Amino acid sequence: MSSSPRDLLAIYPGSFDPVTLGHEDIARRTLRLADRLLIVVAETATHSKNPLFSVEERLALLREVFDGNDRVECGSFSGLLMDFARERKAHCIIRGLRAVSDFEYEFQMAQMNRELWPEVETVFLTPDAPLSFLSASLVREVAAMGGDVSSFVSPTVMRALKEKLSE
Ligand code: PNS
């Protein structure tokens, strides 16, 4: 079987408030499947949460964390993910799936997104087992209460958390 070169573009959307080692793990795994990865902060998240970092700050952290990887681009988008994916001619959407509890929300979004733009596949990747309980919201909560989250985020994010929480 001959293989033809294909420039496969994956979009990894999320709130990334802030980017965790779990997100980094999913991004690394995606690069085993896709040629290029576009990591994007959603300005309009489906489950609106109380954000700690602004969209600009989250994007700056992502850029710092993935700096030097020329197959990764970071950005942000507003409006529907599927409109953005269509504009960027993406082949797939990446979502990390940690536990059964993630499944219902992810399944609903994947099905709705397919209705909106059927040309893009949602691909679920599971993180490394030690990161499978990790969420950005837990990182925010634990850090806000003075707990040590240095095993769950990069030193860049650790610094930003300390700075933000001392404001
Ligand atoms: O990290 P999150 O908060 O779970 O990510 C959710 C996200 C950003 C992927 C989702 O809220 C989203 O796609 N928002 C963009 C608006 C949109 O397309 N909504 C319809 C989803 S079916």
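To keep things clear, this report deals only with the structure shown in the data block. (Residues numbered from 1 in each chain as written. Predicted model: local features only at pLDDT ≥ 70, side-chain atom pairs only at ≥ 80, totals over all residues. Heavy atoms only, no water.)

1. A short note on the overall build of the protein chain
A tally of helices and strands in the protein chain yields 6 helices and 5 strands. Starting at the N terminus, the α and β elements of the protein chain follow one another as β-α-β-α-β-α-β-α-β-α-α. Its C-alpha atoms give the protein chain a radius of gyration of 16 Å, within 12% of the compact-globule value 15 Å for 167 residues. Considered along the principal axes of its C-alpha atoms, the protein chain spans approximately 55 × 30 × 30 Å. A separation threshold of at least 6 residues defines the contact pool for the protein chain, and within that pool the share at least 24 residues apart is 76%. As presented, the protein chain carries roughly 9,700 Å² of accessible surface, and 52% of it is formed by carbon and sulfur atoms. The protein chain carries 19 positive and 25 negative side-chain charges, and their two centres are separated by 3 Å. (Helix = DSSP H or I, 4+ residues; strand = E, 2+ residues; numbered from the N terminus. Rg over C-alpha atoms; globule rule 2.2 N^0.38 Å. Contact = heavy atoms within 4.5 Å. Areas by Shrake-Rupley, 256 points an atom, 1.4 Å probe, with all protein chains shown as cover. Lys, Arg positive; Asp, Glu negative; His and termini not counted. Charge placed at Lys NZ, Arg CZ, Asp CG, Glu CD.)

2. Description of the packing of aromatic side chains
Enumeration according to the criterion identifies 4 aromatic pairs in this entry. Each ring, one from Phe103 and one from Phe107, has its centre 5.4 Å from the other, and the planes form 25 degrees; the classification is stacked. Of this pair, Phe103 and Phe107 are both found in helix α4 (residues 100-116), 4 residues apart, which corresponds to roughly one turn of the helix. Overall, Phe103 belongs to the partly exposed group, its relative accessible area being 41%. Measuring from ring centre to ring centre gives 5.8 Å for Phe133 and Phe152, while their planes differ by 85 degrees; the resulting arrangement is edge-to-face. One end of the pair, Phe133, is in the loop between β5 (121-125) and α5 (136-144); the other, Phe152, is in the loop between α5 and α6 (155-165), with 19 residues separating them in the sequence. (Phe/Tyr/Trp six-rings, centres within 6.5 Å; stacked < 30°, edge-to-face > 60°. Buried < 20%, exposed > 50% of the residue type's maximum accessible area, 1.4 Å probe, protein only.)

3. Digging into the nonpolar core
Core analysis: the biggest nonpolar cluster contains 34 residues, and Leu37, Ile39, Leu62, Phe66 and Leu161 have the highest contact counts within it. Counting residues per element, the ones that place at least two in this core are β1 (9-14), α1 (21-30), β2 (36-42), α2 (55-65), β3 (72-77), β4 (92-96), α5 and α6. A per-element tally of this core places α2 first, with 5 residues. Here Leu62 is in contact with Phe16, Val19, Ile39, Val41 and Cys74, once residues within four sequence places are set aside. (Core = buried A, V, L, I, M, F, W, Y, C linked by side-chain atoms within 4.5 Å.)

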